Amino acid sequence: MSRIPFVSLARALPARVDDWVNPIVVKELRQAVRGRTAAAMLSFFLFVETATLGFALLRSQLLSEASGGALGEGTRAFSILLGVLLGTAFLFVPVATWFRMTSERNDQNLDLLFVTTLTPGEIASGKLLAGGFLTLWLFSASLPFLTFTYFLRGVDFFTVLVLLSIGYLGVLAATQVALLAATVPGTKVFRALVALLALWGVVTIATLTIASSIALLSSGAMVLFVSRDARIAAVVMLATFTSLFAVARVLTTACLTPQVANRARPVRLTFSVIWVLALGGSYALALLASDGEVFAVGLWGTYAILALTLLAAASERDRLGPRVLREVPAGARRLLAFPFFSGAASGLSWSVLVAALTTLFGTFARAYLPTRGTDDVERALVAGPGVLAYILCYALTGRFLRERFLGNRVSEGHTWVISLLLAVAASVLPVLVGVFGLSAHEQPRSLFPWLVLNPFSVLDAQHAPVYVTIGATLALLSVFPKIRWFLAKVREFRKPGDAA
Amino acid sequence: MKVETVGLVKEFGATRAVNGISFSFSSGEIYGFVGPNGAGKTTTMRILATLEEPTRGNAYVDGVSIVEEPEHARRVIGYVPDSLPSHRDVSVHDYLDFFARAYGRKGEDRRRVVSSIEEFTNLSGIREKMVNALSKGMKQRVCLARALLHEPQVLILDEPAAGLDPRARIELRELLRVLAAQGKAILISSHILTELAELVSGALIVERGRILKAGSLHDILTGARPQRTVSIRPLERAEDLVRFALEQPGTLEARLAGSTVPTVEVTLEDGDEAAAAFLAAAVAAGFRIAELRPLRGSLEDVFLEVTKGEIA
């Protein structure tokens, strides 16, 4: 009698799981099963794995007969089989995910998903999970081969487990990069450039994964638990990997979210968390390693990302619709929420605020750092804000030019292109005029005057204070006419119906 | 269920795609949405489907704002865009099953609803066929089936008959009639005005984002002309009837028409009185009238009359 509820539960479980699974995953896996690509790839993969293992067995037999033993033959066979597995997975899963997403990502198809109850986050997760399942499928197909290498000796079970986990995470990260590339909106040319960039990203992840696998295979995965340096390196790599993965994931969701929604909020919240962890982490590592250079790297990374967020913020929309405004909190929290909402003014304020807090923290924290590497920190604290001042100036000027002269021809979302062109033109043209426009005796001996509009001129340590002053002046000149606009945006930022 | 838009405005940069559109339609009604390309039809429909946000104005489904409560609108609105499904390696059944899952349908309820909608839209026989291998007409039927999966009370169809052959168009028309009879409120845009006129009870003609004409089909078709034209088929003496008609007070124009069966088209001052008086006078004068029927202006005539072919 007691078996009946268990039996009915066991019968109901598949249906429950079927209902619980993300619909995108179900669709993607069904498509993969029905399509020819996955089957062809698997057949080819199994053929190569079988041939490799057969060759390894033959070699092992020959060596065994010749020398009476073949220690390490398992390691050799495992590394080849793992290489084939990772090579196939890196080649197939991200490309298949990118292809599927790109072919389905015409506006109408995505629109159809938005009229359902699926959220953009579920769509992004579903596509990634489907990639994860395809990878798992490949890994499970290779498991019999990999297990067999254990009997050839030279490879321990724990290392196999660690290497497979690293490989799996690597393929998942590459799939996420491919997914982001497939969802970025823009013209065909721009999306092709993004796809090339993503390809470079996938190749880099694949190279890093395979290289770290080979290193761990030769040393054994236990090294991660024995050596302190290896532990720190593993934690740093894992943290960097997790941060980049989170950024790619949140950007993918933002790209999939309709413009009318508050799509900047999750992005800025994620960036804020990563900013705190990266800056705090790099400072802690600098103290641990007694080397300020690690903190300088953290500062430069932060300033580089802020330069990109400034350009992106200038391209955000000016007006917020009722769907975004209805989420604005009341009272004092309204102003706290302002930098985290969609909109150009919010985006610019978030970037400037984070840049100011980074510089403040860096200036305060520098005092407690060891002497080694403090020069790097000091240079980052001067040059970093200097670059940002220039970028802020170009971002706002680009926005001004678009609004005033190109409103009908260039969309709000492409403001960053104008800003970037402006920065490139201002950096290159004076140098060209200096070199080609003036006769030899008219040309100054130093390049200094020709680089005053170049954001990266602040990297010149000798003239950095002058360049930073010029950058700050340009930033102030571009900010000043926008103050009224900014204050108006802050005033408008309230729930519909709330009194000012 | 009533769908109502109030002063909808949608701007894309400096372009105003929709400029103060207000109209309403209710359960059991099929409402036509007519206008040249670029008139703002698709944008208005996308606003109603919660895919766009109006710059100004609002739209309501049963009094609930779709701008402020888009989630509510999505539950009651089924939307068929003007594009066909392009998913690869997916069968009709799997495609519908996927969307049913995406609408939150679970377990037995999902299987039941997919099966009944396949049957209703006559897709049961091709449920295992790949979507991208279907004909346009079949794909359009799949689109309609997809929009019905969450059993919406309102249907918004953007150019559903575009590119369909006559048979597929007739089948689609019949399906829509059944849906309207089931109590659904349907908004449909189409460029095939003759067919639209046979289907809709009301219509809206827009150009450059503005409403040019709106109301019941009868009002639109008759309201466009200040006079009434009737076609009369006498058993004999058609030419005499033309001369007689021209002598009558209230007759604006009369002419011989019809090549095989002679008929006379008489344009009278508007109103039933003029038509009744003319008929009585003709019979009294000895004309034997076999048939008299009013000639209505077609939706195409009205469309050509009120639009100028301008784009917003």
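Thresholds, definitions, all that
Residues numbered from 1 in each chain as written. Chains lettered and ligands numbered in written order. Predicted model: local features only at pLDDT ≥ 70, side-chain atom pairs only at ≥ 80, totals over all residues. Heavy atoms only, no water. Helix = DSSP H or I, 4+ residues; strand = E, 2+ residues; numbered from the N terminus. Buried < 20%, exposed > 50% of the residue type's maximum accessible area, 1.4 Å probe, protein only. Contact = heavy atoms within 4.5 Å. Areas by Shrake-Rupley, 256 points an atom, 1.4 Å probe, with all protein chains shown as cover. Lys, Arg positive; Asp, Glu negative; His and termini not counted. Charge placed at Lys NZ, Arg CZ, Asp CG, Glu CD. Buried area = accessible area lost by both parts, 1.4 Å probe. Salt bridge = Lys/Arg side-chain N within 4 Å of Asp/Glu carboxyl O. Nonpolar A, V, L, I, M, F, W, Y, C, P; charged D, E, K, R; others polar. Core = buried A, V, L, I, M, F, W, Y, C linked by side-chain atoms within 4.5 Å. pLDDT = per-residue confidence, 0-100. Expected span 1.5 Å × (residues − 1). Polar contact = N/O pair within 3.5 Å; in protein donor to acceptor, adjacent residues only side chain to side chain. Phe/Tyr/Trp six-rings, centres within 6.5 Å; stacked < 30°, edge-to-face > 60°. Lys NZ or Arg CZ within 6 Å of the ring centre and 35° of its normal. Pairing = 2+ DSSP bridges. Axes fitted to C-alpha atoms, helices over the stretch in contact; angles between N-to-C directions. Parallel < 35°, antiparallel > 145°, perpendicular 65-115°, else oblique. Left-handed = near helix turned anticlockwise from the far one by under 90°.

Re the overall build of chain B
And step 1. Broken down by element type, chain B carries eleven helices and 14 strands.
And step 2. Relative to its full complement of 312 residues, chain B shows a buried share of 52%.
And step 3. Long-range pairs, those at least 24 residues apart, make up 70% of the contacts in chain B with a sequence separation of at least 6.
And step 4. Surface accessibility of chain B: about 13,500 Å² in total, with carbon and sulfur atoms responsible for 48%.
And step 5. Each charge class in chain B was averaged separately, 39 positive and 43 negative side chains, and the resulting centres sit 5 Å apart.

Some words on the overall build of chain A
And step 1. When its secondary structure is counted, chain A shows 19 helices and zero strands.
And step 2. Looking at chain A as a whole, 44% of its 500 residues are labelled buried.
And step 3. Partitioning the intrachain contacts of chain A with sequence separation of at least 6 by distance along the chain shows that 79% fall at a separation of at least 24.
And step 4. Per element, the accessible surface of chain A, about 26,000 Å² overall, is 72% carbon and sulfur.
And step 5. Taken together, the 41 basic and 26 acidic charged side chains of chain A have centroids lying 8 Å from each other.

Structural notes on the interface of chain A and chain B
And step 1. Contact with chain A, which involves 32 residues of that partner, is made by 42 residues of chain B.
And step 2. Together chain A and chain B conceal approximately 3,400 Å² of surface at their shared face, both sides included; 50% is due to carbon and sulfur atoms.
And step 3. Where chain A touches chain B, the interface holds ten salt bridges.
And step 4. Between R110(B) and D19(A) there is a salt bridge whose closest N-O contact spans 3.0 Å.
And step 5. No other element matches the seven residues that helix 2 (residues 23-34) of chain A contributes to the side of chain A that touches chain B.
And step 6. Broken down by class, the residue content of the side of chain A that touches chain B amounts to eleven nonpolar, ten polar and eleven charged.

As for the nonpolar core
Across soluble globular proteins, nonpolar side chains show a tendency to be buried alongside one another.
And step 1. One finds L96(B), L144(B), L149(B) and L176(B) to be the most contacted residues of the largest nonpolar core, which totals 89 residues.
And step 2. Residue contributions to this core peak at seven residues, all from helix 3 (residues 92-102) of chain B.
And step 3. If sequence neighbours within four positions are ignored, L176(B) has contacts with I30(B), L144(B), L157(B), I186(B), I188(B) and L199(B).
And step 4. Membership of the second largest hydrophobic core comes to 56 residues, among which are V267(A), A345(A), A355(A) and A365(A).

Quick look at the confidence of the model for chain A
Note that predicted coordinates carrying low pLDDT should not be read in detail.
And step 1. Confidence along chain A averages 85 in pLDDT terms, with 91% of residues attaining 70 or more.
And step 2. When the elements of chain A are averaged for pLDDT, helix 5 (residues 107-114) of chain A gives the smallest value, 63, and helix 15 (residues 344-366) of chain A the largest, 94.

Points about helix 2 of chain A
Residue and element names in this part refer to chain A.
And step 1. Taking 1.5 Å as the rise per residue, helix 2 with twelve residues should run 16 Å; its terminal C-alpha atoms sit 17 Å apart, in good agreement.
And step 2. Regarding helix 2, the residues found buried are P23, I24, V25, V26, K27, E28, Q31 and A32.
And step 3. Regarding helix 2, its N-cap is N22, as a side-chain oxygen of that residue lies 2.8 Å from the backbone nitrogen of I24 further along.

Digging into the packing of aromatic side chains
Residue and element names in this part refer to chain A.
And step 1. Scanning the model with the defined rule gives 20 aromatic pairs over all chains in all.
And step 2. A ring pair is formed by F341 and F493, whose centres lie 4.9 Å apart and whose planes are at 80°; its orientation type is edge-to-face. Linking F341 in the loop between helix 14 (333-337) and helix 15 with F493 in the segment after helix 19 (483-492), this pair joins segments that are 152 residues apart in sequence. Pair check on accessibility: F341 and F493 agree, each one buried.
And step 3. Taken together through their ring pairs, the aromatic side chains of F338, F341, F486 and F493 make up a single cluster.
And step 4. Stacked on the ring of W485, the Lys or Arg K482 has its end atom at 4.8 Å from the ring centre.

Focus on the sheet that holds strand 11 (residues 227-234) of chain B
Residue and element names in this part refer to chain B.
And step 1. The four strands lie next to each other as 12-13-11-14, forming an open sheet whose pairing is antiparallel. Two strands in the sheet have a free side with no partner beyond their single neighbour: strand 12 (251-257) and strand 14 (289-295). The sheet shows a mean angle of 20° between the axes of neighbouring strands, taken without regard to direction.
And step 2. Bridge count for strand 12 against strand 13 (residues 263-269) is six bridges, and the pairing is antiparallel. Residue pairing for strand 13: A254 is matched across the bridge by V266.
And step 3. Contacting strand 11, strand 12, strand 13 and strand 14, helix 9 (residues 238-247) runs over the sheet at an angle of about 170° to strand 12.

Details of the environment of R404(A)
Residue and element names in this part refer to chain A.
And step 1. Relative to the helices and strands, R404 is located in helix 16 (residues 374-405).
And step 2. Judged by its relative accessible area of 57%, R404 is exposed.
And step 3. When the C-alpha atoms of R404 and L477 are compared, they prove to be 17 Å apart, with 73 residues separating the residues in sequence.

What to know about the side chain of Q31(A)
And step 1. Mapped onto the fold, Q31(A) is located in helix 2.
And step 2. Classification of Q31(A) by relative accessible area gives buried; the value is 0%.
And step 3. Apart from residues lying up to four places away in sequence, Q31(A) is in contact with R100(A), E104(A), H87(B), R88(B), D89(B) and V90(B).

Comments concerning helix 5 (residues 136-148) of chain B
And step 1. The end-to-end C-alpha distance of helix 5 of chain B is 19 Å, a good match for the 18 Å that 13 residues give at a rise of 1.5 Å each.
And step 2. Among the 13 residues that make up helix 5 of chain B, eleven are buried, leaving the element largely enclosed by the rest of the structure.

Digging into the environment of Y283(A)
All names here are of chain A.
And step 1. Along the chain, Y283 turns up in helix 11 (residues 264-289).
And step 2. For Y283, a relative accessible area of 13% puts it in the buried group.
And step 3. Among the polar contacts made by the side chain of Y283, one reaches the main-chain carbonyl oxygen of A365 at a distance of 2.9 Å.

A word on the packing of helix 16 of chain A against helix 17 (residues 415-437) of chain A
Residue and element names in this part refer to chain A.
And step 1. Where helix 16 contacts helix 17, the axes come no closer than 8 Å and their chain directions differ by 120°. Our classification of the angle between helix 16 and helix 17 gives oblique. The chirality of how helix 16 crosses helix 17 is right-handed. The residues of helix 17 that touch helix 16, namely those facing Y394, A395, T397, G398, R399, L401 and R402, are T415, I418, S419, L422, A423 and A426.

Things to note about the pairing of strand 11 of chain B
Residues and elements named next belong to chain B.
And step 1. Note that strand 11 and strand 13 share six bridges and pair antiparallel. Residue pairing in the sheet places S231 in a bridge with E265 of strand 13.
And step 2. Where strand 11 lies against strand 14, six bridges are found, and the strand directions are antiparallel. Looking across to strand 14, one finds that P234 is bridged to I289.

Quick word on the sheet that holds strand 1 (residues 2-12) of chain B
Residue and element names in this part refer to chain B.
And step 1. Across the sheet, four strands lie side by side as 2-1-4-5; this open sheet has antiparallel pairing. Looking at which strands have only one partner, the edges of the open sheet turn out to be strand 2 (15-26) and strand 5 (64-65).
And step 2. Strands strand 1, strand 2 and strand 4 (56-61) of the sheet are contacted by helix 1 (residues 41-48), whose axis makes an angle of about 120° with strand 1.

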